[in-house]
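Chains, contacts and geometry: an overview
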Amino acid sequence: MHMTADAREVSKTASGATATRDIYLPSERKIISGGGTPHVVAKDFSIYYGEFEAVKKVNADILSKYVTAIIGPSGCGKSTYLRAINRMNDLIPSCHTTGALLFDGEDIYGKFTDEVLLRKKIGMVFQKPNPFPKSIFDNIAYGPRLHGINDRKQLSEIVERSLRKAALWDEVSDRLDKNALGLSGGQQQRLCVARTLAVEPEILLLDEPTSALDPKATAKIEDLIQELRGSYTIMIVTHNMQQASRVSDYTMFFYEGVLVEYAPTAQLFTNPKDRMTEDYITGRFS
Amino acid sequence: MNLGTRKILDRSFTAVGFGSIAVMGIALLIVLVPIITNGVGSVFFTGTLEHRKMLFNEFGRGNTEELAKENASSEVYRKQIYGMLSAFEAELETMESEKKQDYLSKYGPVKTALQTLIGPLPGEPEAILTRYKYGQTRWGKAEEKLHEFLYETKWDFSNPDAMSKEYFVSRATEFEGTSLVKLFPFVEEHLEDVLRPEFTVYWGFLTDSSVDSHIFGGIWPEIQGTFFLAVGAMLFAFPLGVIAAVYFTEYAREGFFNSILRSANSTLAGVPSIVFGLFGLAFFINTLKVSESKSVLAGSLTLAIMILPTIIRAAEEAILSVPKTYKEASLSLGSTKWNTIMTVILPAALPGIITGGVISLGRAAGETAPIIFTAAVSVGSAIGLADVFSSPTPALSWNIYNLASEHEAAAEIRHVQYGMVLSLVSIVLLLNLSAILLRARISKKLKG
Ligand SMILES: Nc1ncnc2c1ncn2[C@@H]1O[C@H](COP(=O)(O)OP(=O)(O)OP(=O)(O)O)[C@@H](O)[C@H]1O
Ligand SMILES: [Mg+2]
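Criteria and cut-off values
- Residues numbered from 1 in each chain as written.
- Chains lettered and ligands numbered in written order.
- Predicted model: local features only at pLDDT ≥ 70, side-chain atom pairs only at ≥ 80, totals over all residues.
- Heavy atoms only, no water.
- UniProt positions renumbered as here; feature names shortened; annotations may be inferred.
- Pairing = 2+ DSSP bridges.
- Helix = DSSP H or I, 4+ residues; strand = E, 2+ residues; numbered from the N terminus.
- Contact = heavy atoms within 4.5 Å.
- Axes fitted to C-alpha atoms, helices over the stretch in contact; angles between N-to-C directions.
- 1 Å grid on protein atoms, 1.4 Å probe; cavity = no way out; pocket = protein on both sides within 12 Å on 5 of 7 lines; lining within 4 Å.
- Points joined across faces, edges and corners; volume = space filled by probe spheres on them.
- Nonpolar A, V, L, I, M, F, W, Y, C, P; charged D, E, K, R; others polar.
- Parallel < 35°, antiparallel > 145°, perpendicular 65-115°, else oblique.

For chain B, an unreviewed UniProt entry supplies the name Phosphate transport system permease protein PstA and the organism Chlorobium limicola. Turning to chain B, the UniProt annotation filed under Sequence similarities (unreviewed entry) states: "Belongs to the binding-protein-dependent transport system permease family. CysTW subfamily." In its Subcellular location (unreviewed entry) section, the UniProt record describing chain B reads: "Cell membrane".

The name given to chain A in an unreviewed UniProt entry is Phosphate ABC transporter ATP-binding protein, and the organism recorded there is Chlorobium limicola.

This is the structure:
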C-alpha cells in the first residue's frame, strides 16, 4: 500500500504535459519523447462511484493515431477510465468525476459539452459483442441514419466500406439482410467494430474486445487493430499481456485506480520502471 | 441431508406439482366441456320448420318454394290437429254446464301447451311478441315441450316432513271419454311431420341482431359491442401505459414522488372492478360528461383505467428485460436517449409489451362490472362506429349475466347463454392466440 500512495503522489505532480506533446512516466518524473499530438488529456482526473474513488488523479496524454493499451488487475479501474472518455459512465447515476478530461482541448465533462456529439466522435466496442437484433445492414447503417444519412445508395457504400475496414465484408456480403445475431461471436465483434467505424469516429475505445472470443477470432481482431492503427486513435483494455505487446504503441498500467506507469509498450514490457509493473507483467500477481 | 432423503423430497415435490397441474386441468375440462358442447349447439342444432319460418319472416332468408312445400306437407297434419280441437269444442257445447266448466279449465292449458309446441292456433288473436308467433324452433326443446303437452306436472305434498315431490299425470286420461283423447297420441306420433326437424347450421346466431330479446339468438350487437369496448380501451390504455412504462424505466429518478407513483400504480392494479365501474360513472359521465349517459366512450375509458396498471407493469418488465448492452451500443454510436428508446429499446421490448397488451385486451373484453354503469344495455341493435361517443351498447359479458339471471325467459334460452359464453371465451382465446403468434414472429425476427 505504501507503493500505491507513492505512485499517486507522483502522478499528482506530473500534470501539464499537453504543451510538450510528450508522455510522462509518472514514477520516473521523466519525459520520454512520444512524438504525437495529444488527443485525450487527463489532468488530475478522478472518477467516483458515490464515495468510492475508482480512478485516482490520473494525469496522462493519449496520443493521436496511436494504439494505447490499458492493463492492470481486475477491478483496478480500466473500464471505468475508458468509459469516462465517451461518457458512458453517465448511465450510472452514482458516478461523478473531478479534475479535467480534455478531448481536443475541450473538457469532456464541461457544462456545455454535448455528450451525444462527443460519442459520435469517440466510438466504443464492448467486451461482449452487442449487435442490435436487426439485419447486418441495419446494424451498420444505424449510426449513419442517426446522423441524417437516409439515401439507400449512400448507406450501401458506407456499409460496404465499414465492413471492408473491419475485414468482414467477404464473409457477410451475401447476407446483409440476415439478422446479425446469426453471426459467430468473432464476426459479431468485428461487426461491432464496423458499426462503430461507420460513424467515422476519431477515437476507438475497445474494452477487452477479444475476451469473449476464441484464438482465431482474437487474431482477426488483432489484425484489424493493426489495419486501423495510424488512421484512428485507439485505446484497448486487455488482460492479455501478449496482446498488449502485439498491438499497442503505448501501454498504461493501472493499479487500484492509480496510473502507475505509462510508457512505450516495448519499454514497459522489457524495462519497467516500477516494481509493481514488473511484478504484474511477470505474473507475480494478477 | 443424505442422498436418500433428497431423492424422496424431489420425488414428492414432483408428485405434488404434477398433481396440482392435473387438478387444474380437470377443473378446466369440467368448465370448458359443457361450454363448448352447449355453445356449439347454438349454431349447430336440429332445427324445425318453425325455425325456417322465423328466418324467412324476420330476416327474409330461405327458399320461398321450398318453404311453401314444407308448409303444405306440415299443414296436412296440422289440419287434423285443428280438426280435433274444433270437434272437441263442438262437443263441449253439447255438455251440461258443470261438466263443461270442468273440461274448459283443463282444456285451456292443453291449448297453451300445444301453441307453445307448434305455434299459433287458428282463431286465436295474432300474437304481438315475436316469440309467440312461432312454435319450437329447436327440436331438442320441442321434445321437452311435447312432454309438457302430454303430461301435467303435479306436486305431492302428502309427506309434511319431506320436500314435495314432482309427479306427472297424463292429460289423455283427464280427457277420457271425450273426442280429445285422440289428440295426444296423434301429436306424439306426428310431431316430426308437423315440425319437420332437420340438421341446421345457423351462423346467423353470431351475425344477426336479436329478435324479441334474444329468444331466437342473434348476438351480433353483443359481439360488436365487446369489440368496440375492448379496442376502445386499448386505444387509450396502450399508448398511455407504454409511455408511463418508458417514464418509469428510463426517465424517473428514484425518489419520493416516484415511489408514490409506483405504489399508486400497484394499488390501482388491486382495486375491484366494480369500483372502477362506479368511478367511471362518477368521473367520466357525471363529472367530465364525456357523454350524456352510458356510452361506449365512457365504458372504454373506464376499462382503460382498469387495465392501465397491467399494461404499465408488463411494459416495464419488457423494457427492463432488454439487454443493457443494446442501450450502450446505441448511445455509444451517438444516439440520443429518446432515439435509443424509439429505435432500439421499444422494438426489442415489443414482444413483451404486446403480450401484456393482449392479456389486458382479453380482460377488457371479459369484464362486466366496469361497464354496468358506464356502457352496457341489455338489449339493443348494433351501433355504428360514429355512435360510439354517445350510444351505449350490448356487450357479451354483461348480456351473459343479464340473460342468465334477469331475463324473463332465462330457462328457455340456455342455448343463447351458452352461445354467448362460448363466443366470449373464443374471442379471448383468439386474442391470446394471436398475441402468442405475433410475439413468436417478432421474437424470431429479433433472434435472427
Ligand atoms: N457501477 C458501479 N458502481 C459502484 N462501483 C463500481 C461500479 N462499476 C465498477 N465499480 C467499482 O470500480 C472499480 C473499478 O471497476 P472497473 O470495472 O473499472 O474495473 P476493471 O479494471 O475494468 O476490471 P475488470 O478487469 O474486471 O474489467 C471496482 O472496484 C468496481 O468494483
Ligand atoms: Mg473492465
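Further notes follow.
1. A short note on the sheet that holds strand β6 (residues 95–103) of chain A
All names here are of chain A. If you trace the four strands from one edge of the open sheet to the other, you get β4-β3-β6-β7, paired in antiparallel fashion. The open sheet has two free edges, formed respectively by β4 (52–63) and β7 (106–107), since each of these has just one partner strand. Here β6 runs beside β7; their pairing, made up of two bridges, is antiparallel. Within the sheet, the bridge partner assigned to F103 lies in β7 and is E106. Here helix α2 (residues 78–85) sits on the sheet in contact with β3 (38–49), β4 and β6, set at roughly 120 degrees to β3.

2. Some details on the UniProt feature "domain: ABC transmembrane type-1" (unreviewed entry) in chain B
Listed under "domain: ABC transmembrane type-1" (unreviewed entry) in the UniProt record, and renumbered for this structure, are residues 223–439 of chain B. In residues 223–439 of chain B, the share of helix is 75% and the share of strand is 0%. The end C-alpha atoms are 25 Å apart.

3. Quick word on the UniProt feature "transmembrane region" (unreviewed entry) in chain B
Residues and elements named next belong to chain B. When the UniProt feature table is mapped onto this chain, "transmembrane region" (unreviewed entry) is found at residues 20–45, 227–248, 268–288, 340–359, 371–389 and 418–438. The straight-line gap between the two end C-alpha atoms of residues 227–248 is 30 Å; of that span, 100% is helix and 0% is strand. In residues 371–389, helix accounts for 11% and strand for 0%; the two terminal C-alpha atoms are 15 Å from one another.

4. A few points about empty space enclosed by the protein
Residues and elements named next belong to chain B. Applying the stated rule across the entire model yields four cavities of 30 Å³ or more. Lining the largest cavity are S42, F45, H51, T137, R138, Y202, F205, I215, F216 and H415. Grouping the amino acids of the lining of the largest cavity by side-chain chemistry returns five nonpolar, four polar and one charged.

5. Here's the deal with the sheet that holds strand β11 (residues 250–255) of chain A
Residue and element names in this part refer to chain A. Pairing is mixed across the open sheet formed by six strands, whose spatial order is β8-β9-β10-β5-β11-β12. Looking at which strands have only one partner, the edges of the open sheet turn out to be β8 (122–125) and β12 (258–264). On average, adjacent strands in this sheet sit at an angle of 15 degrees to one another, irrespective of strand direction. One ladder, built from four bridges, connects β8 with strand β9 (residues 203–207); its direction is parallel. Looking at the pairing, G123 lines up with L204 of β9.

6. Notes on the packing of helix α14 (residues 337–366) of chain B against helix α17 (residues 414–447) of chain B
Residue and element names in this part refer to chain B. Interaxial distance between α14 and α17 falls to 9 Å at its minimum, and their mutual angle equals 180 degrees. By the angle between their axes, α14 is roughly antiparallel relative to α17. Considered class by class, the residues forming the contact of α14 with α17 number 16 nonpolar, six polar and one charged.

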